[in-house]
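Understanding the architecture of this molecule
These are the residues of each chain, in order.
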Protein chains: 2
Amino acid sequence: MLGLLTRAESDRLRVVLVSTRNPLNIGAAARAMSNFGLRQLRVVNPYAPAFREARSAVGASSVLAQAEIFETVANAVADCTLVVGTSAIRTRHLHHSVRGPKDAAQLIRRRLRSSRVALLFGSEKFGLSNDDLSYCHWLLRIPTHEDNLSMNLAQAVAVCLYELIRDTKVWPAAGKLPPASAAEVERLTTILLDALHASGFLDLRRVSDSEQRIRRLVRRLHLPARDAVIWLGIFRQIAWKLGSAERQKA
Amino acid sequence: MLGLLTRAESDRLRVVLVSTRNPLNIGAAARAMSNFGLRQLRVVNPYAPAFREARSAVGASSVLAQAEIFETVANAVADCTLVVGTSAIRTRHLHHSVRGPKDAAQLIRRRLRSSRVALLFGSEKFGLSNDDLSYCHWLLRIPTHEDNLSMNLAQAVAVCLYELIRDTKVWPAAGKLPPASAAEVERLTTILLDALHASGFLDLRRVSDSEQRIRRLVRRLHLPARDAVIWLGIFRQIAWKLGSAERQKA
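The shown structure was predicted, so the numbers you read here are calculated from the model rather than taken from an experiment. (Residues numbered from 1 in each chain as written. Chains lettered and ligands numbered in written order. Predicted model: local features only at pLDDT ≥ 70, side-chain atom pairs only at ≥ 80, totals over all residues. Heavy atoms only, no water.)

Each helix and strand counted, chain A has 12 helices and 7 strands in total. The long-range fraction of contacts in chain A, counting pairs at least 24 apart against all pairs at least 6 apart in sequence, stands at 85%. Counting every atom, chain A has about 10,700 Å² of accessible surface; 52% of that belongs to carbon and sulfur. (Helix = DSSP H or I, 4+ residues; strand = E, 2+ residues; numbered from the N terminus. Contact = heavy atoms within 4.5 Å. Areas by Shrake-Rupley, 256 points an atom, 1.4 Å probe, with all protein chains shown as cover.)

Here's what the structure looks like:
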């Protein structure tokens, strides 16, 4: 029995492998999970032969056998209230705050007490795409040496999960409101985008990644579930009204 | 530059792989070393074809190229003043004290200030033999789950080395953005209320303190100044569009 995370808490963590190519890495990631008492593996858009091979490997763990497959990051993180991306790169992430493993693990453990957390790992070659990252609240970066910043995928998984179970300190409940799930936040994003299109806001500020910018903007709100419902109602009404104005003009 | 271990200190650590069979593991161990700024790899009695294969792999690191080969553990650790074995097994080590990674890393770092330390990893299948262990001062054990105690070799290397450098890097405070001023938040509240009136949202939910509710809702967002400007732009555009629809109807 590993001290800190209860069974219920560790089952709230989803390790999400996005576009992984190498079956050995999927298998090794699953092994690290079972080493550290974690069970919920999700794979998004895996290279299909790789995933079949990993699953059918001799000694493939029950973690791998029970892994769930998703077509999109949005679906894979939909039931989570905190979505954390991992990245080796130092300079690219102007849009996200980046935390070291220690701080990150603290925040993740705290959240796991009451709700689900997704920890995302990108492909071996490219990491997480900007689109993948737009679903993340913040990023975790393992401090690596400038001579060789990029870790092997399965080793990065092992280090992150180790950090999660490393400390046996008990953290006081933060007494915060239950946070909105990723699905709720995404619903809000969608209706906000509708309203922004209808209002002309996005047309006035033409940039190629405007949807990603809005998605990140909404995630940075860190909405409690209760408030997400209110904002959803607000933007529904606004979008409806803007649409009805359009209909009247037509 | 990873803070606490100086170049001289990190060059005093020898990672010693004993009787490793799988070339991928040797390569991955070398990669983890270079990720964490370590250079001195020693291999004892490697399965020769495996080692040749690992060394000649495309992208094999300089760590691997410079690895030294020894025939015995005794020779591989001869210049070290502290020899630490790694092990997954809980019960076997009657003769050694066993430390967790945290305590172990502290002691190793302290020793590296003045002299050389060897960190030994055994073969994938059998770990370190009793003979190998007899060269060790004490053992390091990563706390793994009883369902699956044994880690992949290269992942164990990564976790041990990560723990060694874990506290060495000072992380910048998690990049909190400067918060919006009360005046900015109030400006946003005002324009949001305009939009809510124009959209009919407030008329549908008649309560005496609706303005206060909206004011609190906006404050709970804890907006950074940068994002407050964006939301202000969004609601200005929405309010303008809703207003112009009203004007067209009139």
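A full pass over the atoms with the stated rule returns 8 aromatic pairs over all chains. A connected cluster of aromatic rings, assembled from ring pairs, spans Phe36(A), Tyr162(A), Phe36(B) and Tyr162(B). Taking NZ or CZ as reference, Arg21(A) lies 4.0 Å from the ring centre of Tyr47(A), over its face. (Phe/Tyr/Trp six-rings, centres within 6.5 Å; stacked < 30°, edge-to-face > 60°. Lys NZ or Arg CZ within 6 Å of the ring centre and 35° of its normal.)

This paragraph deals with the interface of chain A and chain B. With 66 residues of chain A in contact, the opposing surface of chain B contributes 64 residues. Between chain A and chain B lies a buried interface of about 5,800 Å² when both sides are counted; carbon and sulfur atoms form 60% of it. Across the contact surface, chain A and chain B share 4 salt bridges. One salt bridge connects Arg166(B) with Glu163(A), and the closest N-O pair in it is separated by 2.5 Å. In this assembly, chain A and chain B are joined by 24 residue pairs in polar contact (both at pLDDT 80 or more). Mapped by element, the contributors of at least two residues to the side of chain A that touches chain B are α2 (23-35), α6 (101-112), α8 (153-166), α9 (182-199), α10 (201-204), α11 (210-219) and α12 (225-249) of chain A. The leading source of residues in the side of chain A that touches chain B is α12(A), at 15 residues. The residue inventory of the side of chain A that touches chain B, partitioned by class, reads 35 nonpolar, 16 polar and 15 charged. (Buried area = accessible area lost by both parts, 1.4 Å probe. Salt bridge = Lys/Arg side-chain N within 4 Å of Asp/Glu carboxyl O. Polar contact = N/O pair within 3.5 Å; in protein donor to acceptor, adjacent residues only side chain to side chain. Nonpolar A, V, L, I, M, F, W, Y, C, P; charged D, E, K, R; others polar.)

Before going further, it helps to examine the nonpolar core. Across soluble globular proteins, nonpolar side chains show a tendency to be buried alongside one another. Counting residues in each nonpolar core, the largest one holds 82 residues, and the members touching the most others are Leu13(A), Ile108(A), Leu161(A), Leu13(B), Ile108(B) and Leu161(B). Excluding its chain neighbours within four sequence positions, the residues that come into contact with Leu161(A) are Leu13(A), Val15(A), Ala32(A), Met33(A), Phe36(A), Leu38(A) and Leu119(A). The next biggest cluster of nonpolar side chains, apart from the first, holds 46 residues, and it includes Leu193(A), Val185(B), Ile238(B) and Ala239(B). (Core = buried A, V, L, I, M, F, W, Y, C linked by side-chain atoms within 4.5 Å. Buried < 20%, exposed > 50% of the residue type's maximum accessible area, 1.4 Å probe, protein only.)

All names here are of chain A. One non-glycine residue, Asn45, lies in positive phi territory at about 50 degrees. Structurally, Asn45 is set in the loop between β2 (40-44) and α3 (48-56). The phi torsion at His222 lies on the positive side, around 45 degrees, for a residue other than glycine. By the secondary structure assignment, His222 is in the loop between α11 and α12. Overall, the relative accessible area of 47% leaves His222 in the partly exposed class.

All names here are of chain B. Pairing is parallel across the open sheet formed by 7 strands, whose spatial order is β3-β2-β1-β6-β4-β7-β5. In this open sheet, the two strands that pair with only one neighbour each are β3 (68-70) and β5 (98-99). Sheet topology places strand β4 (residues 82-86) next to strand β7 (residues 138-140); 3 bridges connect them, and they run parallel. Across the sheet, Val84 pairs through a bridge with Trp138, a residue of β7. (Pairing = 2+ DSSP bridges.)

Attention shifts here to the sheet that holds β2(A). Residues and elements named next belong to chain A. The 7 strands lie next to each other as β3-β2-β1-β6-β4-β7-β5, forming an open sheet whose pairing is parallel. One side of each edge strand has no neighbouring strand; the edge strands of this open sheet are β3 (68-70) and β5 (98-99). Across the face of the sheet, α6 comes into contact with β1 (13-18), β4 (82-86), β5, β6 (117-121) and β7 (138-140) while running at roughly 120 degrees to β7. (Axes fitted to C-alpha atoms, helices over the stretch in contact; angles between N-to-C directions.)

As for its placement among the helices and strands, Ser210(B) is situated in helix α11 (residues 210-219). With a relative accessible area of 15%, Ser210(B) lands in the buried category.

Now for the side chain of Thr86(B). All names here are of chain B. Within the secondary structure, Thr86 sits in strand β4. A polar side-chain atom of Thr86 sits 2.7 Å from the main-chain carbonyl oxygen of Leu120. Setting aside chain neighbours within four positions, we find Thr86 in contact with Leu119, Leu120, Phe121, Leu128, Leu140 and Cys160.

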